[in-house]
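Breakdown of the fold
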Amino acid sequence: MHGLVALLLALAALRALIGTDIPATRAALIVAAVAVTVGVYVVGNLLPSVESSVRASALWLGCLTLAWGGLYALTAEGIWFAFPLFFLVPHLLPVRVALPVVAGLTVVAIAGYAAHRGAVTTGMLLGPVLGAAVAVATVLGYQALHRESEERRRLVEDVVAARASLAAAERHAGVLAERERLAREIHDTLAQGFSSIQLLLRAAERALPSDALDAERHVRLARVTATDSLAQARRFVRALAPPELDGSSLPAALERLCARTAAEGQLDVRFHNTGDAVGLPTAVEVALLRIAQSALGNTVRHASASRAEVTLSHMDASVTLDVVDDGRGFDPAARVGRGGADSAAAGGSAGTGFGLAAMRTRAAELGGVLTVESGPAQGAAIAVTFPVPAPGGSAR
C-alpha cells in the first residue's frame, strides 16, 4: 500500500512538473497538494491510534480524503489516488460504514474525472466501479483470512495449553500412583519386618535374664528377619520380584511365610494348598504374597490370636487366598469410615489404618476382589480372589 501511494503521487507530481500543457502556477499547486497528501498519509501511519481506534481512523481518512479532493480538483491524475482510498476505507472502518463511504468515493472519482474531461464514457464509469469492487473484495477476503488465522492460532494455543495441562496432570497422577505403590511396598515389606524385629526383641527382653536360651532364639530370629528385610529393601530398590518368589513357587513361599510367622509370633499358623496349581502372572503372585504378609502381620500385632490359617485355592477361572485367625476381631464397617484399618479389636490398637486399604488397592489394580469378614470377639477372615487368565490368553 505504501509503495502504491508513493508511486501514484509521484506520477501526479512528475506529470505536473514535466507537462507542457500545465501552467507553472498550477503545477506548483499540484506539487504542494501532493506534498500535503503525502504528509497526511505519513502522519496517519505513524499514529498507533489510527489502527486501534475507529474514531481516529475516521478522522484520518477524512483528512486524507480532503487532501485528495484538493489534489483531484487541480489535476485529473488525482483519480489514481482513489484506489488506495478504496483499500484503506474497508480496512479501517466497519463494513456497514465502509461500503457507503467507498460508494461515495467512487461517485466523486467518476464525477471529478468527467469534470476534467468534459464528457462521460463507459471506461470512465467502469474503471472506478471495478477498482472499488476489487479493492473491497480484496480487503474483506484478507480480513476473513486474518480472522481464520487468528482463530486457528488461538485453537493451537488452546491445544498446546491443554496438552501441557494434561501432561502435568499425568505427571501428577504418576507421582501419586508411584507414591502409593511405594507406600504399599514399604508397608508390606520393611514395616512388617521392623514390626517383627520389635516383637522378637521385646520377647528376648522379657526372657532375660531367667531364660537366656529363649532370649538367644528370639535374637537369632530377629537377625534373620533383619537380613530378610534388607534383601527385600535391595530388591525393592531394584524393582525385582520378592526374594520369597526367587526360584520358588507361590505355595512354597506362603508355606515359609507361615512357618516364619509362627516362630516370630508364637502362634499356630498353618498353610493349605488346594486344587491344581496353574501358572499365575508374576504380578498376581506378588500381590497374593504381599496380602498374606500384611494379613499375618496384622494378626501378630493386633489380633491376640492363638491360631491362623492360610489357604491358597486354585479353581478353574480364579485363585483365592484366605487368611483366617481366631483373634479379637473388629467391626469392618466401623473401620471403613476411617479409611480402612488393620485387624484389631474395637478397643485395641488399629495400627496405621493403611493395611486393608493397601490390600484392596493391590487387588483392584489386578482385577481382583478383596472381602473382609470379622466381628468383635469373632476373629477375622480376609479373602482375595484374582481371575486366572485362560490358557494362551494375556495376563494382566
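Attention here is on the structure that accompanies the text.

Conventions used here
Residues numbered from 1 in each chain as written. Predicted model: local features only at pLDDT ≥ 70, side-chain atom pairs only at ≥ 80, totals over all residues. Heavy atoms only, no water. Helix = DSSP H or I, 4+ residues; strand = E, 2+ residues; numbered from the N terminus. Buried < 20%, exposed > 50% of the residue type's maximum accessible area, 1.4 Å probe, protein only. Core = buried A, V, L, I, M, F, W, Y, C linked by side-chain atoms within 4.5 Å. Contact = heavy atoms within 4.5 Å. Pairing = 2+ DSSP bridges. Axes fitted to C-alpha atoms, helices over the stretch in contact; angles between N-to-C directions. Phe/Tyr/Trp six-rings, centres within 6.5 Å; stacked < 30°, edge-to-face > 60°. 1 Å grid on protein atoms, 1.4 Å probe; cavity = no way out; pocket = protein on both sides within 12 Å on 5 of 7 lines; lining within 4 Å. Points joined across faces, edges and corners; volume = space filled by probe spheres on them. Nonpolar A, V, L, I, M, F, W, Y, C, P; charged D, E, K, R; others polar.

Moving on, we come to unusual backbone geometry. Residues apart from glycine generally show negative phi values, whereas peptide bonds are mostly found in trans. Here the amide bond leading from Leu208 into Pro209 is cis, since omega sits at 0°, within 30 degrees of zero. On the secondary structure map, Pro209 appears in the loop between helix 7 (122-207) and helix 8 (212-237). Phi is positive for Ser304, which is not a glycine, with a value near 55°. Relative to the helices and strands, Ser304 resides in the loop between helix 10 (282-303) and strand 2 (307-314). Of the residues examined, Ser304 reaches a relative accessible area of 56% and is grouped as exposed. One non-glycine residue with positive phi stands out, namely Ala377, at about 65°.

Another point: the nonpolar core. Formed by 39 residues in total, the largest nonpolar core has its most connected members in Leu254, Leu288, Leu321 and Phe386. For this core, the secondary structure elements donating two or more residues are helix 9 (250-265), strand 1 (268-274), helix 10, strand 2, strand 3 (318-325), helix 12 (355-365), strand 4 (369-374) and strand 5 (380-387). Residue contributions to this core peak at 10 residues, all from helix 10. What Leu321 contacts, discounting residues up to four positions off in sequence, is Leu254, Leu288, Ile291, Ala292, Val310, Thr311, Leu312, Ile382, Ala383 and Val384. Among the nonpolar cores identified, the runner-up in size contains 37 residues, and Val40, Ala67, Leu74 and Ala98 belong to it.

Glancing now at the sheet that holds strand 1. The 5 strands are arranged 1-2-3-5-4 in an open sheet whose pairing can be described as mixed. Since the sheet does not close on itself, it has two edges, and those belong to strand 1 and strand 4, each with one partner. Strand after strand, the sheet turns through a mean of 10° between neighbouring axes, direction not considered. Across the face of the sheet, helix 9 comes into contact with strand 1, strand 2 and strand 3 while running at roughly 170° to strand 1.

In total, this model carries 4 aromatic pairs according to the counting rule given. Relative to Tyr72, the ring of Trp68 lies with its centre 5.3 Å away and its plane at 20°, an arrangement referred to as stacked. One end of the pair, Trp68, and the other, Tyr72, are both in helix 4 (residues 54-74), 4 residues apart, so they sit about a helical turn from each other. Both residues of the pair, Trp68 and Tyr72, count as buried. With 6.2 Å between their ring centres and 25° between their planes, Trp80 and Phe83 make a pair best called stacked. With relative accessibility at 44%, the residue Trp80 sits in the partly exposed group. Under the relative-accessibility criterion, Phe83 is labelled partly exposed at 22%. Ring pairs connect the aromatic residues Trp80, Phe83 and Phe86, which therefore count as one cluster.

Okay, empty space enclosed by the protein next. A complete count under the given rule lists 2 cavities of 30 Å³ or more for this structure. Taken as a whole, the largest cavity holds about 310 Å³ of empty space. If you trace the largest cavity, you find 22 residues lining it, with Gln192, Gly193, Ser196, Arg260 and Glu264 closest to the centre. Of all the secondary-structure elements, those providing two or more residues to the lining of the largest cavity are helix 7, helix 8, helix 9 and helix 10. The dominant element in the lining of the largest cavity, judged by the number of residues it contributes, is helix 7, at 7 residues. In terms of residue class, the lining of the largest cavity is made up of 4 nonpolar, 12 polar and 6 charged. Roughly 40 Å³ of volume is contained in the second largest cavity. In this structure, the second largest cavity is lined by Ala295, Thr299, Val323, Asp325, Ala380, Ala381 and Ile382. Looking at the lining of the second largest cavity, the elements that each hand over two or more residues are helix 10, strand 3 and strand 5. For the lining of the second largest cavity, the leading source of residues is strand 5, giving 3 residues. Counted by class, the lining of the second largest cavity contains 5 nonpolar, 1 polar and 1 charged residues.

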